[in-house]
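Architecture at a glance
Spelled out, the chains give:
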Amino acid sequence: MSSKLTKHKTKKVKAVQQKKKLFRANEPVLSVFMWGVNYSITNLSHVDEPSLLLPEHFKAFSKVRVDNSNYNKENMPSHFRVKEYCPLVFRNIRERFNVCDDEFMNSLTKSQPIDQNETSGKSGARFFLSEDKLYIIKTVTSEEVEAVHALLAEYHQHVVEQHAKTLLPQYLAMYRVTVNDTENYLLVMRNVFSPFRTVHTKYDIKGSLIDRAATDKEKSKDLPTFKDVDLINDDLKISIGELAKEEFMETLQLDVDWLTKLKLMDYSLLIGIHDCDRALVEAEQAESEENGERESSDDAELSSSPGGGARGLTPPQSPLTYLSKNPNIDPDLDQFAVKSGAESEKPLFYYMALIDILTHYGMKKRTANAAKQVKHGSGAEISTVKPEQYAKRFTDFINKIID
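Here we summarise the structure given alongside this text.

Quick notes on the environment of His156
- Locating His156 in the fold gives a position in helix α4 (residues 142-161).
- On a C-alpha basis, the gap between His156 and Phe90 in space is 8.9 Å, while along the polypeptide they are 66 residues apart.
- Setting aside residues no more than four positions away along its own chain, His156 makes contact with Leu53, Phe58, Asn92, Ile93 and Arg96.
- A polar side-chain atom of His156 sits 2.7 Å from a polar atom in the side chain of Asn92.

Considerations on the packing of aromatic side chains
- Counted by the stated rule, this structure contains 11 aromatic pairs.
- For the pair Trp35 and Phe80, a centre-to-centre distance of 5.1 Å together with 75° between the ring planes defines the contact as edge-to-face. Taken together, the residues span a long stretch of sequence, with Trp35 in helix α1 (residues 28-44) and Phe80 in strand β3 (residues 79-85) at a distance of 45 residues.
- Classification of Trp35 as buried rests on a relative accessible area of 10%.
- Through pairs of rings, three or more aromatic residues link up here, namely Trp35, Tyr39 and Phe80.
- Residue placement shows Lys83 over the ring face of Phe61; its charged tip is 4.2 Å from the ring centre.

What to know about the sheet that holds strand β12 (residues 337-339)
- Spatially, the 5 strands line up as an open sheet ordered β10-β9-β11-β13-β12, and their pairing is mixed. The open sheet is flanked by β10 (225-226) and β12, the only strands paired with a single partner.
- In this structure, strand β11 (residues 268-275) lies alongside strand β13 (residues 348-355), joined through 8 bridges in antiparallel fashion. Across the sheet, Leu270 pairs through a bridge with Ala353, a residue of β13.
- Here helix α7 (residues 242-261) sits on the sheet in contact with β11, β12 and β13, set at roughly 10° to β13.
- Contacting β9 (201-205), β11 and β13, helix α11 (residues 387-401) crosses the sheet at an angle of about 15° to β11.

Comments concerning unusual backbone geometry
- Positioned with a positive phi, Asp181 is a non-glycine residue whose angle comes to about 65°.
- Tracing the backbone shows Asp181 in the loop between β7 (171-179) and β8 (182-190).
- Of note in this structure, Lys263 is not a glycine but carries a positive phi near 60°.
- Of note, Lys263 is situated in the loop between α7 and β11.
- The exposure class of Lys263 is partly exposed, given its relative accessible area of 36%.

Considerations on the nonpolar core
- Residues Phe33, Phe104, Tyr155, Leu354 and Ile398 are the most contacted members of the largest nonpolar core, which totals 106 residues.
- Each residue touching Phe33, except ones within four places of it in the same chain, is listed here: Leu108, Ile137, Tyr175, Val177, Leu186 and Val188.

With respect to α11
- A rise of 1.5 Å per residue sets the reference length of α11, with its 15 residues, at 21 Å; its end C-alpha atoms lie 21 Å apart and thus fit the reference within 8%.
- Listed as buried for α11 are Pro387, Tyr390, Ala391, Arg393, Phe394, Thr395, Phe397, Ile398 and Ile401.
- Taken together, the buried residues of α11 touch β9, α6 (228-233), α7, β11 and β13.

Quick notes on the pairing of β8
- Pairing between strand β6 (residues 135-140) and β8: 6 bridges, direction antiparallel. Residue Val140 lies in a different strand from β8, and its bridge partner there is Tyr185.
- Sheet topology note: the β7/β8 ladder contains 8 bridges and is antiparallel. Each bridged residue has a counterpart across the sheet, and for Ala173 the counterpart in β8 is Val188.
- Hairpin connection of β7 to β8: 2 residues between the antiparallel strands, including Asn180 at a positive phi of 55°.

A short note on the side chain of Ser107
- Structurally, Ser107 can be placed in helix α3 (residues 101-109).
- Since its relative accessible area comes to 5%, Ser107 is described here as buried.
- Setting aside residues up to four positions removed in sequence, Ser107 forms contacts with Ser130, Glu131, Asp132, Leu134 and Tyr135.

Examining the environment of Met76
- Tracing the sequence through the fold places Met76 in the loop between β2 (61-67) and β3.
- Overall, Met76 belongs to the buried group, its relative accessible area being 8%.
- C-alpha separation for the pair Met76 and Phe23, spaced 53 residues apart in sequence, amounts to 7.2 Å.

Remarks on the side chain of Ser268
- Counting through the fold element by element, Ser268 comes out in strand β11.
- A residue is classified by how much of its surface remains accessible, and Ser268, at 0% relative accessible area, is buried.
- At 2.8 Å, the side chain of Ser268 and the side chain of Asp204 are in polar contact.
- A polar contact is formed between the side chain of Ser268 and the side chain of Lys206, at a distance of 3.0 Å.
- Sequence-distant contacts of Ser268, defined by excluding residues within four places in its chain, comprise Asp204, Ile205, Lys206, Ala353, Leu354, Ile355 and Phe394.

Conventions used here
Residues numbered from 1 in each chain as written. Predicted model: local features only at pLDDT ≥ 70, side-chain atom pairs only at ≥ 80, totals over all residues. Heavy atoms only, no water. Helix = DSSP H or I, 4+ residues; strand = E, 2+ residues; numbered from the N terminus. Contact = heavy atoms within 4.5 Å. Polar contact = N/O pair within 3.5 Å; in protein donor to acceptor, adjacent residues only side chain to side chain. Phe/Tyr/Trp six-rings, centres within 6.5 Å; stacked < 30°, edge-to-face > 60°. Buried < 20%, exposed > 50% of the residue type's maximum accessible area, 1.4 Å probe, protein only. Lys NZ or Arg CZ within 6 Å of the ring centre and 35° of its normal. Pairing = 2+ DSSP bridges. Axes fitted to C-alpha atoms, helices over the stretch in contact; angles between N-to-C directions. Core = buried A, V, L, I, M, F, W, Y, C linked by side-chain atoms within 4.5 Å. Expected span 1.5 Å × (residues − 1).

Structure representation (structure tokens):
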């Protein structure tokens, strides 16, 4: 069965009416994506895992074409195609990152992914968040798909060698969804941030100071992404303690060395800060407001009840309950988290991981490097520099901002 995944064949499927799952979304591409994830994971469950991944597995794909005879425009388009890239490789990667395929499928298909329209990047990429906030779905270009393909074997080897202890993006699946003859490429990654802990402040750090400040438009967002200059102006220090810093920097250095070896640059360290005290206050306020609304709406019913009703009970899954019962890092949900050290002014959780690692130092970046050096001078800390120089400046900067 596994050999079928290495043959470049297209299956043609006559769709049957969904009995249990209706992949409803307000965009056809998302409906087809949800259908495709369900289809591919279900099929993979019947495929034995190879004892060793071979070069052919890193070139393999599976395709399915659907002509929907039971067309219902409220659920699915009448015709669509789904292609999954390197299914056996990504399944192995998910396993190494302790992602259960059934849970992965449910996260992405039980409800429509949430459009994160405020987080669209300069490239025009769109980001979606699974309803349980565990996974990010990013739209990518065909060039970025090629870039992932180019590094996938090395990426898999690095994950294996580091026993999945890495700050690199956790690439978990990659698809092409075709609707109305338009191809859409989607890359699924683990969310760097926690599904339960609110991130109050966010930074994107490259170790460069040229054009590295948040714009006024960015600052007007509910959760703006600040940059290197903003961090310096805020006089921010990541206070995690000596031992935690040593461990973090060791992992970061191994990852950066790997990126440098592959001639990759222009990556960032994404930092999200969760303020524990502020989160508790926010959770208490939200619960108080919710209880007040419930009291108002149920007042007539309760007044006619001889015994009255219980008030102020905390729902089992409420933010207040979770924060109160889980003051420490959850290794399953807080994989990129580091808790503030004893010398920190207040209890914080720092979520830190590498992002945007697909930029190769080719002719385009060499030309940009030369142009920026002419504009800003050869000694300026521009972001477009050779991979070795970028790596050293990047790690030096991160080392300085962590205590």
